[in-house]
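One-letter residues, chain by chain:
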Amino acid sequence: MDGGSLFDILGPVMIGPSSSHTAGAVRLSMLAKNVAGQPIKAVVFKLYNSFAKTYQGHGTDRGLVAGLLGLNVDDDRVPEAFERARQQGLVFSFEPQPNQPSYPPNTVLFDMTLEDGEQLQVLGHSLGGGKVYISRINEYKVSLQGEYPTLVMFYHDEPGMIWQTTRIIAEAGINIASLVCARKHKGEEAFMAICLDHLLDPESVQAIAQIGNVYAVRNVDKIV
Amino acid sequence: MSNEIDKTFFKQLKSFAQALDWCEANHQPLSALAMAYEMHRRGVDEAAILAQTQTLIDQMRATVRAGSADASPTLSGLTGQLASKMMAAASAPCRLMSPTMLKMMAYALATLEENSRMHRIVACPTAGASGVVPGVLLALSESPDVALSDAQMQRGLLTAGLVGELVSRRMFLSGAAGGCQAEVGVATGMAAAAIVEVLGGTPRQVMDATAMAFKNLMGLVCDPVAGLVEVPCTKRNAVGVVHASAAATMALAGIESFVPLDEVVDAMVKVGQMMSPKLKESAEGGLAMTPTGQAFTQQLKAKGNVHSPESE
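Quick caveat: nothing in here was measured; it's all calculated off a predicted structure.

Caption draft 1: Representation of the overall build of chain A within the structure. Counting secondary structure elements, chain A contains six helices and eleven strands. The C-alpha atoms of chain A give 18 Å as radius of gyration, which agrees with the globular expectation for 224 residues (17 Å, within 12%). Across the 224 residues in chain A, those meeting the buried criterion constitute 55%. Expressed as a percentage of contacts within chain A between residues at least 6 apart in sequence, the contacts between residues at least 24 apart total 67%. Approximately 9,200 Å² of chain A is accessible, and the part contributed by carbon and sulfur atoms is 48%. Chain A carries 18 positive and 24 negative side-chain charges, and their two centres are separated by 5 Å.

Shown next, in the form of structure tokens:
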């Protein structure tokens, strides 16, 4: 494991009662909301392992809803998240799932219906102390921690994809912090995650989506 | 050391032995290493880090003030009056413990009760273990004999942070991943380190105190009644400050840990892996499965939702 900031250990300042189950839930939802990139109409939270067992007692339920509403971990309104969601018309429900030993202890699958009708599934995990990551977007494996604004794209593996993409990012004047590529097999479906120093503008995202053989692009802002 | 050598050192810093070598070679306390590490890690200056640390101290103090003055029940009704009872005890003569020790316990209880009210706290390293480090530091700041300044508390907190950080490289700090030894256990080691640092112990004594604190809570399970961060978490934090103080006192008396700190942490990691999932924040073992724990769980289920009976 890489060395983190001491303030990952000291802090966060947060609404109780659990850093992994409450603050972690809020942060996961903030990240899922950023993956969605548009208003969410309805969500089913499918809960796994420890999340499934203790989600009510630990305020995981309130935290998950709060994050989708844009409330942060130290917001006094986290305890009233259900009431606020109803006022704002967000439809939500919780479905505890059978144990899934292949998933980390605190796992949730966000099954979301977005404003434009798109169905979006995001699989997220809370690691403790408020640290979180997302490991799957729909059928694609990813690794997103919300530390940087990240452009996530899925495309058909062929020469020149990195060049075509990074050229657009360079033209937008944005610095790339890191870039990860992976593919299932040569010439098949591939995945790219580009961590950026600033969030990419919508026009550039649109231009990247229009590169031939790009299946899907997500412009995911960091969480603070 | 030059900046380049420092960079390599901080990148490779993994063990407590390396941290101790750095402190001894540079004649610096662990808090100085913590500060240097954080400056390199984030590329920010000392003032920014101290300001951030002070923000946490201010919030810890606000949480303890609110919690010690509030005797209202928590959302579940399981606790809410523990801190006020302990505060009353702390203001009367005690034949067993010092007033400072009683205050440490009261402040740990106050923090956890605020946590269970879904009020604002500082996770340290987690919410379920958020009472131990503030408990020892804030009580020491108010002790007439020690009277820690905020600047000294900042140093204590940075030391605690570095201890937690080095442990977190090897194990996730959550009850679900490692049992309570990864939460109250780690917090207690962090607090023991902070105490030795602020009372003027050597870096070696900081390591020994941390090792002795970890050794004593190794294997501690996470068994919350009804899945709430409350029973036994609240009182475990209060006993945690006593563990931390005992370990720190032994280290300051010159008592060493037979097993070095790095090996103790490795052992904790292995114990956490061996622990049954039923004892890791799933409320399926330990106190959660006692007749009293189960009866309370049933009562809670009958009410529907613990936080808001009328919703859902």
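Caption draft 2: Representation of helix α1 (residues 19-36) of chain A in the model. Residue and element names in this part refer to chain A. In this model α1 runs 24 Å from its N-terminal to its C-terminal C-alpha over 18 residues, within 8% of the 26 Å that 1.5 Å per residue would give. In the structure, α1 departs most strongly from a straight axis at Ala 25, where the bend amounts to approximately 30 degrees. Burial within α1 is extensive, with 17 of its 18 residues counted as buried. Positive phi shows up at Gly 37, right after α1, with a value of about 70 degrees.

Caption draft 3: Structural context of the packing of aromatic side chains. Residues and elements named next belong to chain A. If you walk through the whole model with that rule in mind, you get twelve aromatic pairs over all chains. Ring geometry for Phe 45 versus Phe 110: centroids 5.7 Å apart, planes at 70 degrees, classification edge-to-face. A residue pair is termed long-range when its members are at least 10 positions apart, and Phe 45 in strand β2 (residues 40-49) and Phe 110 in strand β4 (residues 106-114) qualify at 65 residues. When its relative accessible area of 0% is taken as the criterion, Phe 45 is described as buried. A centroid spacing of 5.1 Å and a plane angle of 35 degrees characterise the contact between Phe 82 and Phe 92, whose relative ring orientation is tilted. Separated by ten residues along the polypeptide, Phe 82 in helix α4 (residues 81-88) and Phe 92 in strand β3 (residues 91-96) bring together distant segments of the chain. Pair check on accessibility: Phe 82 and Phe 92 agree, each one buried.

Caption draft 4: Fine view of unusual backbone geometry. Cis geometry is adopted by the peptide bond preceding Pro17(A), which originates at Gly16(A) and carries an omega value of 10 degrees. Note that Pro17(A) resides in the loop between β1 (13-15) and α1. Put simply, Cys124(B) and Pro125(B) share a cis peptide bond, and its omega is 0 degrees. A positive phi angle, near 70 degrees, is found at Asn213(A), a position not held by glycine. With relative accessibility at 36%, the residue Asn213(A) sits in the partly exposed group. The phi dihedral of Ala147(B) is positive, around 45 degrees, even though this residue is not glycine. Summarising the element assignment, Ala147(B) is placed in the loop between α7 (132-142) and α8 (150-168).

Caption draft 5: Main features of the side chain of Ser204(A). Residues and elements named next belong to chain A. Note on placement: Ser 204 falls in helix α6 (residues 202-209). The exposure class of Ser 204 is buried, given its relative accessible area of 10%. Ignoring any residue separated from it by four or fewer positions in sequence, one finds Ser 204 in contact with Ile 168 and Ala 172.

Caption draft 6: View of the interface of chain B and chain A. With 53 residues of chain B at the interface, the matching set in chain A holds 45 residues. Across the interface of chain B and chain A, roughly 3,900 Å² is buried in total on both sides, 60% from carbon and sulfur atoms. Applying the counting rule to chain B against chain A returns three salt bridges. Between Arg41(B) and Glu147(A) there is a salt bridge, with the nearest N and O atoms lying 4.0 Å from each other. One can count 17 residue pairs in polar contact (both at pLDDT 80 or more) joining chain B with chain A. Taken together, the elements giving at least two residues each to the side of chain B that touches chain A come down to α3 (30-42), α4 (46-69), β1 (120-122), α8 and α9 (175-178) of chain B. Broken down by element, the residue count for the side of chain B that touches chain A peaks at seven residues, all from α8(B). Residues belonging to the side of chain B that touches chain A are distributed by class as follows: 25 nonpolar, 18 polar and ten charged.

Caption draft 7: Local environment of the pairing of strand β10 (residues 189-196) of chain A. Residues and elements named next belong to chain A. For β10, the tally of buried residues reaches seven of eight residues, placing the bulk of the element in the interior. Bridge count between strand β9 (residues 176-183) and β10: seven bridges; the pairing is antiparallel. From the neighbouring strand, Ser 178 faces β10, where its bridge partner is Cys 195.

Caption draft 8: Layout of the nonpolar core. Among the nonpolar cores identified, the biggest contains 91 residues, and Leu30(B), Leu33(B), Leu137(B), Met190(B) and Phe214(B) are the most heavily contacted of them. No other element matches the eleven residues that helix α10 (residues 184-198) of chain B contributes to this core. Residues within four places of Leu137(B) in sequence aside, it is in contact with Leu148(B), Met153(B), Gly156(B), Leu157(B), Ala194(B) and Val198(B). In this structure, Met14(A), Met30(A), Phe45(A) and Val78(A) belong to the second largest nonpolar core, which totals 54 residues.

Caption draft 9: Region of interest: the domain arrangement of chain A. Residues and elements named next belong to chain A. Here the domain parsing of chain A yields domain 1 (6-144) and domain 2 (150-220). The gap between the C-alpha centroids of domain 1 and domain 2 is 26 Å. Taken together, the contact between domain 1 and domain 2 spans eleven residues of the former and nine residues of the latter. Note on domain 1 versus domain 2: buried area summed over both sides is about 860 Å², and carbon and sulfur give 67% of it.

The rules behind the values
- Residues numbered from 1 in each chain as written.
- Chains lettered and ligands numbered in written order.
- Predicted model: local features only at pLDDT ≥ 70, side-chain atom pairs only at ≥ 80, totals over all residues.
- Heavy atoms only, no water.
- Helix = DSSP H or I, 4+ residues; strand = E, 2+ residues; numbered from the N terminus.
- Rg over C-alpha atoms; globule rule 2.2 N^0.38 Å.
- Buried < 20%, exposed > 50% of the residue type's maximum accessible area, 1.4 Å probe, protein only.
- Contact = heavy atoms within 4.5 Å.
- Areas by Shrake-Rupley, 256 points an atom, 1.4 Å probe, with all protein chains shown as cover.
- Lys, Arg positive; Asp, Glu negative; His and termini not counted.
- Charge placed at Lys NZ, Arg CZ, Asp CG, Glu CD.
- Expected span 1.5 Å × (residues − 1).
- Bend = angle between axes of the 7 residues up to and from the residue.
- Phe/Tyr/Trp six-rings, centres within 6.5 Å; stacked < 30°, edge-to-face > 60°.
- Buried area = accessible area lost by both parts, 1.4 Å probe.
- Salt bridge = Lys/Arg side-chain N within 4 Å of Asp/Glu carboxyl O.
- Polar contact = N/O pair within 3.5 Å; in protein donor to acceptor, adjacent residues only side chain to side chain.
- Nonpolar A, V, L, I, M, F, W, Y, C, P; charged D, E, K, R; others polar.
- Pairing = 2+ DSSP bridges.
- Core = buried A, V, L, I, M, F, W, Y, C linked by side-chain atoms within 4.5 Å.
- Domains from an automatic or database assignment.

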